[in-house]
Amino acid sequence: MENTEYQNTENQEINLAKIENDFEQRIDMVDLKNSLQKVKEEISKVIVGQEDMINHLLVTLLANGHVLIEGVPGVAKTITAKILAKTIDVDFSRIQFTPDLMPSDILGTSIFNVRNSEFEFKKGPIFSSFVLIDEINRSPAKTQSALFEVMEERQITMDGIRYPMNEPFIVIATQNPIEYEGTYRLPEAQLDRFLFKINVGYPTLEQEIAIIKNQHQSRVEDKTEHINKIITSEELKKYQSLVKEIVVEPQLIEYIAKITINTRENQFLYLGASPRASLALLSASKAFAALRGRDFVSPEDIKEASFAVLRHRVIVSPEREMEGLTADEIIRQILEGIEIPR
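Residues numbered from 1 in each chain as written. Predicted model: local features only at pLDDT ≥ 70, side-chain atom pairs only at ≥ 80, totals over all residues. Heavy atoms only, no water.

Engineer: Where do I start with the overall build of the protein chain in this structure?
Structural biologist: Scanning the protein chain from terminus to terminus reveals 14 helices and 13 strands. For a compact globule of 342 residues, the expected C-alpha radius of gyration is about 20 Å, and the protein chain comes in at 23 Å, within 12% of that figure. Reported as C-alpha extents along the three principal axes, the dimensions of the protein chain are approximately 95 × 50 × 50 Å. In the protein chain, which comprises 342 residues, the proportion classed as buried is 45%. Pairs at least 24 apart in sequence give 78% of the contacts found in the protein chain among residues at least 6 apart. A total accessible area of about 18,600 Å² is found for the protein chain, and carbon and sulfur atoms account for 49% of it. Of the side chains in the protein chain, 39 bear a positive and 53 a negative charge, and the two mean positions are spaced by 4 Å. (Helix = DSSP H or I, 4+ residues; strand = E, 2+ residues; numbered from the N terminus. Rg over C-alpha atoms; globule rule 2.2 N^0.38 Å. Buried < 20%, exposed > 50% of the residue type's maximum accessible area, 1.4 Å probe, protein only. Contact = heavy atoms within 4.5 Å. Areas by Shrake-Rupley, 256 points an atom, 1.4 Å probe, with all protein chains shown as cover. Lys, Arg positive; Asp, Glu negative; His and termini not counted. Charge placed at Lys NZ, Arg CZ, Asp CG, Glu CD.)

Engineer: Looking at this structure, how should I read the pattern of salt bridges?
Structural biologist: Once the charged atoms of two side chains with opposite charge are near each other, the side chains can pair. Taken as a whole and assessed by the stated rule, the structure comprises 16 salt bridges. Arg193 is the salt-bridge partner of Asp192, the closest N and O atoms lying 3.3 Å from each other. With a closest N to O distance of 3.2 Å, Lys237 and Glu234 form a salt bridge. Of this pair, Lys237 and Glu234 are both found in helix H9 (residues 233–244), three residues apart, which corresponds to roughly one turn of the helix. In this structure Lys237 comes out as partly exposed when scored by relative accessible area, which is 28%. The structure contains a network of salt bridges with shared partners spanning Glu152, Asp192, Arg193 and Arg276. (Salt bridge = Lys/Arg side-chain N within 4 Å of Asp/Glu carboxyl O.)

Engineer: For this particular structure, what's the right way to read the sheet that holds strand E10 (residues 196–200)?
Structural biologist: By way of backbone hydrogen bonds, the strands of a sheet pair with one another, either parallel or antiparallel. Taken in spatial order, the five strands line up as E3-E6-E9-E1-E10 in an open sheet, and their pairing is parallel. This sheet does not close on itself; its edge strands, each paired only once, are strand E3 (92–96) and E10. Neighbour-to-neighbour, the strand axes of the sheet open up by a mean angle of 15°, direction not taken into account. Both strand E6 (residues 130–134) and strand E9 (residues 170–175) contribute to a ladder of four bridges, which runs parallel. By the bridge assignment, Phe130 is partnered in E9 with Ile170. (Pairing = 2+ DSSP bridges. Axes fitted to C-alpha atoms, helices over the stretch in contact; angles between N-to-C directions.)

Engineer: Please clarify how the environment of Ala287 should be interpreted in this entry.
Structural biologist: Relative to the assigned elements, Ala287 resides in helix H11 (residues 275–291). The buried category is assigned to Ala287, whose relative accessible area is 0%. C-alpha separation for the pair Ala287 and Pro125, spaced 162 residues apart in sequence, amounts to 28 Å. Not counting chain neighbours up to four residues away, the residues in contact with Ala287 comprise Val59, Leu62, Ala63 and Val243.

Engineer: Where do I start with the packing of helix H12 (residues 299–310) against helix H14 (residues 327–337) in this structure?
Structural biologist: Pairs of packed helices are described in terms of their axes, by the angle between the two and the distance that separates them. Contact pair H12 / H14: the axes reach a minimum separation of 10 Å and the direction vectors enclose 145°. Between H12 and H14 lies a crossing of right-handed hand. Contact residues: Lys303, Ser306, Phe307 and Leu310 in H12; Asp328, Ile331, Arg332 and Leu335 in H14. Along the lines of polarity and charge, the residues of the contact of H12 with H14 split into four nonpolar, one polar and three charged. (Left-handed = near helix turned anticlockwise from the far one by under 90°. Nonpolar A, V, L, I, M, F, W, Y, C, P; charged D, E, K, R; others polar.)

Engineer: Quick question: what am I supposed to make of the nonpolar core here?
Structural biologist: In a soluble, globular protein the nonpolar side chains are often hidden away together inside. Membership of the largest hydrophobic core comes to 73 residues, with the highest contact counts inside it found for Leu84, Ile172 and Phe196. Not counting chain neighbours up to four residues away, the residues in contact with Phe196 comprise His56, Val59, Thr60, His66, Val67, Leu68, Ala284, Phe288, Ala305, Ala308, Val309 and His312. Ile106, Phe127, Phe148 and Ile156 belong to the second largest nonpolar core, which has 26 residues in total. (Core = buried A, V, L, I, M, F, W, Y, C linked by side-chain atoms within 4.5 Å.)

Engineer: I would appreciate a short explanation of the side chain of Gln175 in the present structure.
Structural biologist: By secondary structure assignment, the location of Gln175 is in strand E9. Polar side-chain contacts of Gln175 include one of 2.6 Å to the side chain of Glu70. Apart from residues no more than four positions distant in its own chain, Gln175 is found in contact with Leu68, Ile69, Glu70, Gly71, Lys77, Glu135, Ile136, Asn137, Leu186 and Lys197. (Polar contact = N/O pair within 3.5 Å; in protein donor to acceptor, adjacent residues only side chain to side chain.)

Engineer: What is the right way to look at H11 in this model?
Structural biologist: What sets the pattern is the α-helix's 3.6 residues per turn: residues three or four places apart point alike. For H11, spanning 17 residues, the distance from its first C-alpha to its last is 25 Å, which sits close to the expected 24 Å at 1.5 Å a residue. Counted residue by residue, H11 has 12 buried out of 17 residues, so it is predominantly covered. Along H11, the residues that are buried comprise Ala277, Ser278, Ala280, Leu281, Ala284, Ser285, Lys286, Ala287, Phe288, Ala289, Ala290 and Leu291. Residues of H11 that are buried sit in contact with helix H2 (30–43), helix H3 (51–63), E10, H9, helix H10 (250–265) and H12. After H11 finishes, the residue Gly293 shows a positive phi value of roughly 80°. (Expected span 1.5 Å × (residues − 1).)

Engineer: Whenever I open this one, the environment of Arg332 confuses me. Can you help?
Structural biologist: One can find Arg332 in helix H14. The exposure class of Arg332 is partly exposed, given its relative accessible area of 40%. Through-space distance from the C-alpha of Arg332 to that of Ser306 is 8.9 Å; in sequence the pair is 26 residues apart.

Below, the structure is given as structure tokens:
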């Protein structure tokens, strides 16, 4: 009897190994995983901790989306984005949003050329593959709206002429959650242009000590000058195409839909997530699987992506918000209330 049970267990392990081998042979994710690991190593030369933020930024790259990073000053939001941009061989531009910034300051403008008596379009800083927007809520609604339109359409039209964005085109925006004087709140109706909203917290005691030691021992003025380029533009586009091919089982697609539907039916939420959230959750889950070297999505990928995908797409009811209930807590309750597919 014991021998029979042992043989059954052994057979199950062999079958599982065969399945895993089949998965490995289906899509080769080794190069993608190794490249992203090297990117992490480059970032870790300067940044201590913040693993969640770094993983979410890499997932944003793979999913070809945009990301909003929110955190108090000094938690490495901007420098992490700058270092990530340096690891990728693409055009990079940084735009500091201010109250007097106009749409033409980021999109570009037509200038009259005296030599040929014609107007010529001078492209603005938005025409880069990797765009860092600092303090996005510092600019008025007109400028924010122009940016959101480019993020969604990935093109602008000026004087009847269409100008497509570079590919890949990724926007990383930062904002400060504690200072609202002189700021313009981002409209909820347009926030879902961002694939993720990442909340960045303070480092732990051990991480704080490591940060201080690194600064004390450093003899370099610019800490980012020794960052190496790891991924080319063509490689990034290839990785983004691979992510689209990742397998998602039907029960996991249903799981994603149930999560989104539950946000609309939750009594603690004034506004639930739209179908765009379901699509974002699908893309993000595929990218999380790719980040781990898998070519199939697991329930854990979906759960990990849910918080950053949904927290800026739902609105907590005023009564619950006054009680201190946050969107993340409600999302956690929703996830705990839905049976995980097996």
